[in-house]
Amino acid sequence: MRDTTIKSEATALNSLLEKVHQDGGYDFREYKRGTIVRRLERRLHATGAKTYLNYIQFLDAHPEEYQNLANDLTIRVSGFFRNPYTFQQVTKLVLPELVSSKRDKKERELRFWSTACARGEEPYSLAIMLAEFLGSQLRDFDISIYATDISRQALEEARAGVYSPKDIEGIPSTILKNYFTLYDKGYALKTDISQMVSFSYFDLTSTTQPPFVDMDCIFCRNILIYLQVQLQEKVLKMLYDSLATPSYLILGEAETPTSNLNEKLESLDNKARIYKKM
Ligand SMILES: C[S@@+](CC[C@H](N)C(=O)[O-])C[C@H]1O[C@@H](n2cnc3c(N)ncnc32)[C@H](O)[C@@H]1O
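A. Region of the structure containing the overall build of the protein chain. Along the backbone of the protein chain there are ten helices and ten strands. Against the globule reference of 19 Å for 278 residues, the protein chain gives a C-alpha radius of gyration of 20 Å, in line with a compact fold. Principal axes of the C-alpha set define a box for the protein chain whose edges measure 65 × 50 × 30 Å. Excluding contacts between residues fewer than 6 apart, the proportion of contacts in the protein chain whose partners are at least 24 apart in sequence is 73%. On the protein chain, roughly 14,000 Å² of surface is accessible, and the fraction owed to carbon and sulfur atoms is 49%. Between the centroid of the 36 positive side chains of the protein chain and the centroid of its 37 negative side chains there is a distance of 2 Å.

Now the structure itself:
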């Protein structure tokens, strides 16, 4: 009896995720089920649906619910200089080597990609990190920081680039003073920082073709943990193809390359999750 209930719940969940993909345009089919189920329970509760089948009917009657669902299923927790050790080690292990090899090759372009950028904290932290590292030599380089996400709401807030006192907690006061301006609405990034970053919608799981090529450094942090292993492999292969040779890949604290890339990436710092494509 219990087995039958579990099986029919799993079938209903599969149907729901298929529907969200087909009709809502969001593909959560290969995300880890535990997180998806916990988050879905919130939507069921909020809409008064008792079962997944009830919720499917609710989606048919209220298509605007797809957006609420996507907002709940995308976990947008982030922060400026999240995991400070990683930023410290990128400044120490990646930037000196990258910048000196660009100088040797007489190349001006520095290309970064923040692949799940949430509300912009990560790509803006990268821009500040580069400004701090390069100082007056910042102008010697053409810096592009591409920042992508599937949450349209997060992207909108990221483009606005205005943060509350809570959002900027923990940012050292000199960084705050040099790179932010305080307005009525909150702390806004100064334009020399914000203009380095361009935001766009991109679903990391949607294709094997990278949207950007010749990237010098990719940040893919705190998104792989939500994906099943096969999907992690697909995403990481696509990112590998997007990277220049040589170049750097930075993962989240609890993330590691999947086995398909083990041989192809050299670990520069196991704790900071910094990898080099040779
Ligand atoms: C926990 S946040 C991580 C933000 C930032 N990278 C960090 O480490 O602080 C995860 C982000 O991944 C985004 N996301 C989830 N699935 C995605 C996908 N398939 N493609 C791109 N972004 C995705 C979510 O919208 C969310 O903003």
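Here the narrative resumes.
B. Seen up close, the site of the ligand. Contacts to the ligand come from 21 residues, most closely from Y31, S78, D149, D203 and N222. At a separation of 2.6 Å, an oxygen atom of the ligand approaches a polar side-chain atom of D149. Between R221 and the ligand, the recorded distance is 2.9 Å, taken from a backbone N or O atom to a nitrogen atom. Across the complex, the protein chains shield 98% of the 610 Å² of accessible surface that the ligand would expose by itself. Classifying every residue of the shell around the ligand gives nine nonpolar, six polar and six charged.

C. Here's a closer look at the domain arrangement of the protein chain. The domain boundaries assigned to the protein chain delineate domain 1 (2–73) and domain 2 (84–277). The distance between the C-alpha centroids of domain 1 and domain 2 comes to 32 Å. Across the boundary between the two partners, domain 1 contributes ten residues, which contact eleven residues of domain 2. Carbon and sulfur atoms make up 46% of the surface buried where domain 1 meets domain 2, a total of about 1,000 Å² over both sides. Of all residues in domain 1, E30, Y31 and K32 give up the largest surface area on contact with domain 2, accounting jointly for 57% of the area buried on that side. Our count for the contact surface shared by domain 1 and domain 2 stands at zero salt bridges. Counting across the interface, domain 1 meets domain 2 through five residue pairs in polar contact (both at pLDDT 80 or more).

D. Fine view of the sheet that holds strand 8 (residues 243–251). Here we have seven strands laid out as an open sheet, ordered 6-2-1-7-8-10-9, and mixed in their pairing. Of all strands in the sheet, those with a lone pairing partner are strand 6 (197–201) and strand 9 (265–269), marking the two edges. Recorded for the sheet is a direction-independent mean angle of 20° between the axes of neighbouring strands. In this structure, strand 1 (residues 109–114) lies alongside strand 7 (residues 215–220), joined through three bridges in parallel fashion. Within strand 7, the position partnered with W113 by the bridge is I218.

E. Structural detail: the sheet that holds strand 4 (residues 180–183). Ordered by their spatial adjacency, three strands build an open sheet running 3-5-4, and the pairing between neighbours is antiparallel. Bordering the open sheet on either side are strand 3 (162–163) and strand 4, each of which pairs with just one other strand. Sheet topology places strand 4 next to strand 5 (residues 186–189); four bridges connect them, and they run antiparallel. If you follow T181 over to strand 5, its bridge partner there is A188.

The rules behind these values
- Residues numbered from 1 in each chain as written.
- Predicted model: local features only at pLDDT ≥ 70, side-chain atom pairs only at ≥ 80, totals over all residues.
- Heavy atoms only, no water.
- Helix = DSSP H or I, 4+ residues; strand = E, 2+ residues; numbered from the N terminus.
- Rg over C-alpha atoms; globule rule 2.2 N^0.38 Å.
- Contact = heavy atoms within 4.5 Å.
- Areas by Shrake-Rupley, 256 points an atom, 1.4 Å probe, with all protein chains shown as cover.
- Lys, Arg positive; Asp, Glu negative; His and termini not counted.
- Charge placed at Lys NZ, Arg CZ, Asp CG, Glu CD.
- Near = heavy atom within 4 Å.
- Polar contact = N/O pair within 3.5 Å; in protein donor to acceptor, adjacent residues only side chain to side chain.
- Nonpolar A, V, L, I, M, F, W, Y, C, P; charged D, E, K, R; others polar.
- Domains from an automatic or database assignment.
- Buried area = accessible area lost by both parts, 1.4 Å probe.
- Salt bridge = Lys/Arg side-chain N within 4 Å of Asp/Glu carboxyl O.
- Pairing = 2+ DSSP bridges.
- Axes fitted to C-alpha atoms, helices over the stretch in contact; angles between N-to-C directions.

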